[in-house]
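Residue strings, one per chain:
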Amino acid sequence: MFGLMMDQPLLISSVLEFAAKYHGESEIVSRTVEGPIHRYTYADAQSRSKQLAKALQALGVSEGDRVATLAWNGYRHYELYYGVSGMGAVCHMINPRLFPGQISYIVNHAEDSVVFTDLTFVELLEGMVSELGTVKAFVVMTDEANMPETSLPNVHCYETLLAAQDDDYTWPVFDENTASSMCYSSGTTGNPKGVLYSHRSTVLHAMASLAPDMLNISARDSFMPVVPMFHVNAWGVPYSVTMAGAKLVMPGMEMDGESLHELIDGERVTLSAGVPTVWLGLLDYLEKSGKSVDSFKYCVIGGSATPRAMSVAMEENHGVHVLHAWGMTEMSPLGTVNWPKHGMEDETEEARYDRQVKQGRPCYGVDMKIVNDDNETLPEDGEAFGELKVRGFWVCSQYYKGEGDSHDDDGWFATGDVATIDAGGYMHITDRSKDVIKSGGEWISSIELENIAVGHPGVFEAAVIGIGHPKWDERPLLVVVRNEGSELTAEDLISYYDGKVAKWWIPDDVAFVDELPHTATGKLLKMDLRDRFEDYTLPTAE
Ligand code: AMP
C-alpha cells in the first residue's frame, strides 16, 4: 500500500521560488569583478534567473545541455546556478585555477555548449578557443559599458541577453533525478573526472546542511561563502542559504584579509565557510590592524585539515567558533561537521580544541566506515585507521561517462582518505592514502605532524612527506615556510615534537623553503614536493 501524500519532485527551482516568496526582501550582496558592491533581493534574483532561462532558450540551449561557468562568487553566477538548472540544463562549474590544458579537456569532455565567463577569464578562454570543439557561444558576465574587446567567436554580453527577455516564465516540472549540475574532481593525478549531481541530491544535501549539527543556517544569519562557487558548488551554500532565506554575501575575487573583513563587518556576517588558507589571511590582517569581527559567530573550515592553532586563534582572539568540516566533490560535498553532543557540556577548553582537530560526525544521509587493505571493516575505536568509505543520498554512484570506478560491489565509495572513527562517530582524517608515511611497516600521519608544526609561532605553513630510507622504507621530512622575520632552526622544530607524538613519528629532518606548492583548490601539492625532494638524503640514512 502506498502512502497518500503529495509526490512533488525535489527541484532546485523550488528553492529560489520559496526564497522569493517568503524571504523576498532578504539581500544578496556581491563584490563585483567590475569593482562596486552590488545588492539586490531574492525576489530580484528569481526574476533575473527566469530572464536568464529564457535567454538560454533563445541561445538554443535545451534540457540536458551542459552550460559552463568560469566565474567568482557573485550574483550573476548565482543566477546561472538557478537559471541553468531550473530550465532543465546542466550547470557545469569550472575551476579557472586549473591549468589551461585541464580546462579545455574538461570543456570537451563535458561537451559544453555555451560558456559563461567573468571578465577575469576572457583572456584565458581566448588562448584555448581553437581547442573548444563543442562550444557554440560565449557570454561575458558584464554589461555593455564593461564589455571588452575580444577575439572570442559568437560572443554575447550577459546584461544585453537578459534585457531582451522578460520574467514571464514558469519553471518547468520534471523528474527529480534529472542532472542539474556538474563539477570535475580536482584529483592531483590523471585526468579530472566528472561528478554529475541531480536535482534530488542537491535539494536533499541543502536540506540536510541547514541543520544545527551541520552548517546551522537560519533566516537570522548573514552567510558569506568564501569557498568558491567553482569548487564543489561552494559547499552547497548557494542552495542551503537560499532555502533558509538568510542574507547571502559574496566576496567576488577579493579574498585577502582586508577585503573579507570589510564585508564581514559591513554586512554583519554571522557565518562563513572556506579553506584554512583564506582564514590565515584574515587572522593575519586582524592581528596587524587590531580590528574586530563582532558579528562573526561561526566559521566552517574544511577542504584541508584545520590546524588546532587556527581554532584556538579564531576562538580566543576573535570570538569565532570553528566548525571543522570534511567532504569531497564526489559527495556534493558535505560529509561531516564537528559539533559536540549532548553530555559534552563539561568538556574542558583543551579537550574541545583536541576534538576540533577531528573532521566531525556525519548527519543523517551519509554513512561511513573504515576498512583495511582486504576491505574488512575496522573497529570504530578512535585508534584503528584505514581507508574511509562512504555512501549516501548525495554521494556519486559513478563518474561521468563511467570513468575510473572507485566503488566496491556493495556500492560503497572509496574516498582515498585514511581515517579513524571513534565510538561517538567522530571521524579523524589521518592522511590521503597516497600521502601516508610508511615507516617500518607502520603508518605515520603526515597531517598530524603538519598540524603540530603550524602550532609553532615561527611557522607559516608546513608539509610532511615520506623520504626513502634504507632501513625503515620511508621516514618523514618536514618542509617549512617560516614566518616573516623568524629565525627558527631545524633543531628547534624537531625538539618541539617532544612529548607531542610517539618518538618514532618525529621527522628525521627539516627543510626550509620560500613557499609550498598548492593545487588549484588550495591543497598542498605533495606530489610536486615529493618530486622536488626525490634525491634528498636524510641524515639518518647516511
Ligand atoms: P575536493 O573534492 O577538492 O573537495 O577534495 C576532497 C578531499 O579534500 C578529501 O578527500 C580530503 O582528502 C580533503 N579534505 C577535505 N576536507 C578536509 C578536512 N577537513 N581535513 C582534511 N582533509 C580534507
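Our subject is the structure that appears above.
Overview of the structure.

Analysis parameters
Residues numbered from 1 in each chain as written. Predicted model: local features only at pLDDT ≥ 70, side-chain atom pairs only at ≥ 80, totals over all residues. Heavy atoms only, no water. Core = buried A, V, L, I, M, F, W, Y, C linked by side-chain atoms within 4.5 Å. Buried < 20%, exposed > 50% of the residue type's maximum accessible area, 1.4 Å probe, protein only. Contact = heavy atoms within 4.5 Å. Pairing = 2+ DSSP bridges. Helix = DSSP H or I, 4+ residues; strand = E, 2+ residues; numbered from the N terminus. Axes fitted to C-alpha atoms, helices over the stretch in contact; angles between N-to-C directions. Phe/Tyr/Trp six-rings, centres within 6.5 Å; stacked < 30°, edge-to-face > 60°. Parallel < 35°, antiparallel > 145°, perpendicular 65-115°, else oblique. Nonpolar A, V, L, I, M, F, W, Y, C, P; charged D, E, K, R; others polar. 1 Å grid on protein atoms, 1.4 Å probe; cavity = no way out; pocket = protein on both sides within 12 Å on 5 of 7 lines; lining within 4 Å. Points joined across faces, edges and corners; volume = space filled by probe spheres on them. Disulfide = S-S within 2.5 Å.

What follows concerns the nonpolar core. Counting 88 residues, the largest nonpolar core has Tyr78 and Phe116 as its most contacted members. With sequence-adjacent residues up to four places away left out, tyrosine 78 is seen in contact with Leu16, Ile28, Tyr40, Tyr42, Ala45, Met229, Pro238, Thr242, Leu248 and Met250. Val115, Phe121, Val135 and Tyr400 belong to the second largest nonpolar core, which has 49 residues in total.

To continue, consider the sheet that holds strand β20 (residues 427–432). Whether parallel or antiparallel, the strands of a sheet pair through hydrogen bonds between backbone atoms. Pairing is antiparallel across the open sheet formed by four strands, whose spatial order is β17-β18-β19-β20. Edge positions in the sheet fall to β17 (366–371) and β20, since each of these pairs with one other strand and no more. The sheet shows a mean angle of 50° between the axes of neighbouring strands, taken without regard to direction. Bridge analysis of strand β19 (residues 413–421) against β20 gives five bridges, and the strand direction is antiparallel. Paired with threonine 420 across the strands is histidine 428, a residue of β20.

This part takes up the packing of aromatic side chains. Scanning all chains against the criterion turns up 18 aromatic pairs. Measuring from ring centre to ring centre gives 5.4 Å for phenylalanine 18 and tyrosine 22, while their planes differ by 40°; the resulting arrangement is tilted. Taken as a pair, phenylalanine 18 and tyrosine 22 lie in helix α1 (residues 12–22) at a separation of four residues, close to a single helical turn. With a centroid separation of 5.5 Å and an interplanar angle of 75°, the aromatic rings of tyrosine 364 and phenylalanine 393 are classed as edge-to-face. Of this pair, tyrosine 364 sits in the loop between β16 (361–362) and β17 while phenylalanine 393 is found in the loop between β18 (386–392) and β19, placing the two residues 29 residues apart along the sequence.

Below, the discussion takes up the packing of helix α10 (residues 257–266) against helix α11 (residues 276–289). α11 packs onto α10 with a crossing angle of 80° between their chain directions and a minimal axis gap of 8 Å. Regarding the angle of α10 to α11, the classification is roughly perpendicular. Along the contact surface, α10 presents Gly257, Glu258, Leu260, His261 and Ile264, while α11 presents Val278, Gly281, Leu282, Tyr285 and Leu286. In the contact of α10 with α11, the residues fall into six nonpolar, three polar and one charged.

All right, on to the sheet that holds strand β1 (residues 27–31) then. One open sheet accounts for nine strands, arranged β2-β1-β11-β10-β12-β13-β14-β15-β16; its pairing is mixed. Bordering the open sheet on either side are β2 (37–41) and β16, each of which pairs with just one other strand. As paired strands, β1 and strand β11 (residues 247–250) are joined by three bridges and run parallel to one another. When the sheet's bridge partners are listed, serine 30 is paired in β11 with methionine 250. With respect to the sheet, α11 is in contact with β12 (271–274) and β13 (298–301), its orientation differing from that of β12 by roughly 125°.

On to empty space enclosed by the protein, then. Here the structure, examined in full by the defined rule, presents three cavities of 30 Å³ or more. What the largest cavity holds in volume is close to 120 Å³. Taken together, 15 residues line the largest cavity, and the ones lying closest to its centre are Thr32, Val33, Gly74, Tyr75 and Asp118. For the lining of the largest cavity, the elements supplying multiple residues, two or more each, are β1 and α3 (75–86). Top element by residues in the lining of the largest cavity is α3. It accounts for three residues. Looking at the lining of the largest cavity, its residues break down into five nonpolar, six polar and four charged. Its volume calculated, the second largest cavity comes out at about 80 Å³. Together, 14 residues line the second largest cavity, and Met93, Asn95, Cys183, Tyr184 and Phe230 are the ones closest to its centre. Contributing elements (two or more residues each) for the lining of the second largest cavity: β4 (90–93) and β8 (179–185). Taken together, the residues that form the lining of the second largest cavity break down as eight nonpolar, six polar and no charged.

Right, let's get into the state of the cysteines. In the structure shown here, the tally under the stated rule is zero disulfides. The closest cysteine sulfur to the non-disulfide-bonded cysteine 91 is located on cysteine 183, 8.6 Å from its own sulfur. Given a relative accessible area of 1%, cysteine 91 falls into the buried group. Unpaired in terms of disulfides, cysteine 299 finds its nearest cysteine sulfur in cysteine 363, a separation of 19 Å.

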